[in-house]
Amino acid sequence: MNTINVAVIGIGNCASSLVQGLAFYHQGQNDHVGLMHWDLGGYKPSDIKVVAAWDVDARKVGVDVSEAIFAKPNCTAIFCADVPASGVKVQMGNVLDGVAEHMADYKDDRTFIVADQPQPSKADVVAALRASGAHVLMNYLPVGSQKATEFYAECAIEAGVAFVNNIPVFIASDEAWAKKFTDAGVPIVGDDIKAQLGATIVHRVLTDLFAKRGVKLERTYQLNTGGNTDFLNMSNHRRLESKKISKTEAVQSVAAERLDDDNVHIGPSDYVPWQNDNKVCFLRMEGTMFGGVPMNLEMRLSVEDSPNSAGVAIDMIRCAKIASDRGLAGPVHPASAYFCKHPPIQMTDDLAQQAVEDFIAAAA
């Protein structure tokens, strides 16, 4: 089986966890704990290779990916310090709306320092994708990067490279954009990656459990705190519109009855610098059960945010490549429904899991 050549936009904490993970699991090293699939349609984690990368931070541009993933302002856990040199240097990306203005108000080791280098045109990125032999383009831009995401989505279409949209900018779930990918014969998985065991997947499963066990969900909140650049970026609430829609719809879509807007609050709540990449979720659900008797559930979840998504990303990459191998185009619905918060078609997680397993089996 051929390798899967991956290009990455944004060498932040999530990309760091992904690249560390590729080294951690390479050639069967360590056990397989943390992976949903070791072999997915004939592809193993060791088949994935980073061949191109873009970022805008001066501490990362021009640096080998193996070093850039540990550069500030990255602050995620280092669980695999021995990442071999990739021979791939981070290229200067196109800023557009990828860096929020308020980020300039924070210390250098907490925020982005935009490199003073020429920004690439679409033709430059397309040429680099083709020259690298990339099969899949991973979007790890900051939340709220609408124009920048659209720029790279267009590059993927023109280069004929499958697109994995990990952020809550609606591309796969937007009819017009989905049609562009379909017409171009290019697959896309998206939108907004759902972590392995994060706030959204736990909230969804519990909401689905309420529905299946006959408990009426009356009201709920999900409050999240963290200290990485994602939380700092989202402290500007103007960049949160699509994020809140994505997270809220992920829960609403599995509820027995949609909650009134006033009875559901889901979204990032505060930036706490000392938490670094640790994310803490406070979840409350209030409902009515047998005989109209009230009940409530409260939960606290603490996870290292970026590694929590990396195992999912490895599966998304492989599903995107399988879709390309099979000549599929447009949204890859099974993978999007199982791995993303805001897919074109929402399913409960048990049905989405079965759809992914069927998709994998069909590929095999």
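All values derive from a computational prediction rather than experimental measurement.

## Focus: the overall build of the protein
1) Next: Within the protein, the regular secondary structure consists of eleven helices and eleven strands.
2) Next: Over its C-alpha trace the protein gives a radius of gyration of 20 Å, about what one expects of a compact globule, namely 21 Å for 364 residues.
3) Next: Considered along the principal axes of its C-alpha atoms, the protein spans approximately 65 × 50 × 45 Å.
4) Next: Counting contacts in the protein only where the partners sit at least 6 residues apart, residues at least 24 apart contribute 78% of the total.
5) Next: About 15200 Å² of surface is accessible on the protein, with carbon and sulfur atoms providing 51% of the total.
6) Next: Here the protein contributes 32 positively and 44 negatively charged side chains, and the mean placements of these two sets differ by 1 Å.

## A word on the nonpolar core
1) Next: Within the largest apolar cluster, 50 residues are counted, with the highest numbers of intra-cluster contacts made by Val136, Met138 and Phe339.
2) Next: With nine residues, the single largest contributor to this core is helix H9 (residues 307-325).
3) Next: Excluding residues within four positions of it along the chain, Phe339 makes contact with Met36, Asp192, Ile193, Lys194, Val312, Asp315, Met316, Cys319 and Val356.
4) Next: Counting 30 residues, the second-largest nonpolar core is a separate cluster that includes Val51, Ala134, Phe151 and Ala156.

## Examining the UniProt feature "domain: Myo-inositol-1-phosphate synthase GAPDH-like" (unreviewed entry) in the protein
1) Next: The feature "domain: Myo-inositol-1-phosphate synthase GAPDH-like" (unreviewed entry), as annotated in UniProt, sits at residues 198-306 in this numbering.
2) Next: Along residues 198-306, the helical share is 29% and the strand share 38%, with 10 Å between the first and last C-alpha atoms.

## Structural notes on unusual backbone geometry
1) Next: A cis amide bond, omega 10°, links Lys72 with the succeeding residue Pro73.
2) Next: Inspection of the secondary structure assignment puts Pro73 in the loop between helix H2 (65-68) and strand E3 (91-92).
3) Next: The phi dihedral of Asp192 falls on the positive side, at around 75°, and the residue is not glycine.
4) Next: Tracing the chain through its elements places Asp192 in the loop between strand E6 (187-189) and helix H6 (199-212).

## Quick word on H6
1) Next: If you check H6, its first and last C-alpha atoms are 20 Å apart, about what 14 residues at 1.5 Å a residue would give, namely 20 Å.
2) Next: In terms of burial, H6 is largely enclosed, as ten of its 14 residues are buried.
3) Next: By the burial criterion, the buried members of H6 are Ala199, Thr200, Ile201, Val202, His203, Arg204, Leu206, Thr207, Asp208 and Phe210.
4) Next: Just downstream of H6 lies Gly214, where phi reads positive at about 75°.

## Points about the pattern of salt bridges
1) Next: Under the counting rule described, the total for this entry stands at 16 salt bridges.
2) Next: Residue Asp192 is joined to Lys243 by a salt bridge in which the shortest nitrogen-to-oxygen separation is 3.7 Å. Placement of Asp192 in the loop between E6 and H6 and of Lys243 in helix H8 (residues 241-252) is noted, with a sequence separation of 51 residues between them. Each member of the pair, Asp192 together with Lys243, is buried.
3) Next: One salt bridge in this structure joins Glu249 and Arg258, with 3.1 Å as the shortest N-O distance.
4) Next: One network of salt bridges, in which partners are shared, links Arg219, Arg284, Glu286 and Glu298.

## As for the environment of Phe151
1) Next: Its location among the elements puts Phe151 in helix H4 (residues 146-159).
2) Next: Residues Phe151 and Lys122, 29 residues apart in the sequence, show an inter-C-alpha distance of 7.2 Å.
3) Next: Dropping the residues within four chain positions of it, Phe151 is found in contact with Asn94, Leu96, Pro120, Ser121, Lys122 and Val125.

## With respect to the packing of helix H1 (residues 13-24) against H9
1) Next: One can describe the packing of H1 onto H9 by two numbers: an axis separation of 8 Å at closest approach and a directional angle of 70°. Judged by the inter-axis angle, H1 sits roughly perpendicular to H9. In this structure, H1 crosses over H9, and the sense of that crossing is right-handed. Counted together, Cys14, Ser17, Leu18 and Leu22 of H1 and Pro307, Ser309, Ala310, Ala313, Ile314 and Ile317 of H9 form the full contact between these two elements.
2) Next: Residue composition of the contact of H1 with H9, grouped by class: eight nonpolar, two polar and no charged.

What counts, and where the lines are drawn
- Residues numbered from 1 in each chain as written.
- Predicted model: local features only at pLDDT ≥ 70, side-chain atom pairs only at ≥ 80, totals over all residues.
- Heavy atoms only, no water.
- Helix = DSSP H or I, 4+ residues; strand = E, 2+ residues; numbered from the N terminus.
- Rg over C-alpha atoms; globule rule 2.2 N^0.38 Å.
- Contact = heavy atoms within 4.5 Å.
- Areas by Shrake-Rupley, 256 points an atom, 1.4 Å probe, with all protein chains shown as cover.
- Lys, Arg positive; Asp, Glu negative; His and termini not counted.
- Charge placed at Lys NZ, Arg CZ, Asp CG, Glu CD.
- Core = buried A, V, L, I, M, F, W, Y, C linked by side-chain atoms within 4.5 Å.
- Buried < 20%, exposed > 50% of the residue type's maximum accessible area, 1.4 Å probe, protein only.
- UniProt positions renumbered as here; feature names shortened; annotations may be inferred.
- Expected span 1.5 Å × (residues − 1).
- Salt bridge = Lys/Arg side-chain N within 4 Å of Asp/Glu carboxyl O.
- Axes fitted to C-alpha atoms, helices over the stretch in contact; angles between N-to-C directions.
- Parallel < 35°, antiparallel > 145°, perpendicular 65-115°, else oblique.
- Left-handed = near helix turned anticlockwise from the far one by under 90°.
- Nonpolar A, V, L, I, M, F, W, Y, C, P; charged D, E, K, R; others polar.

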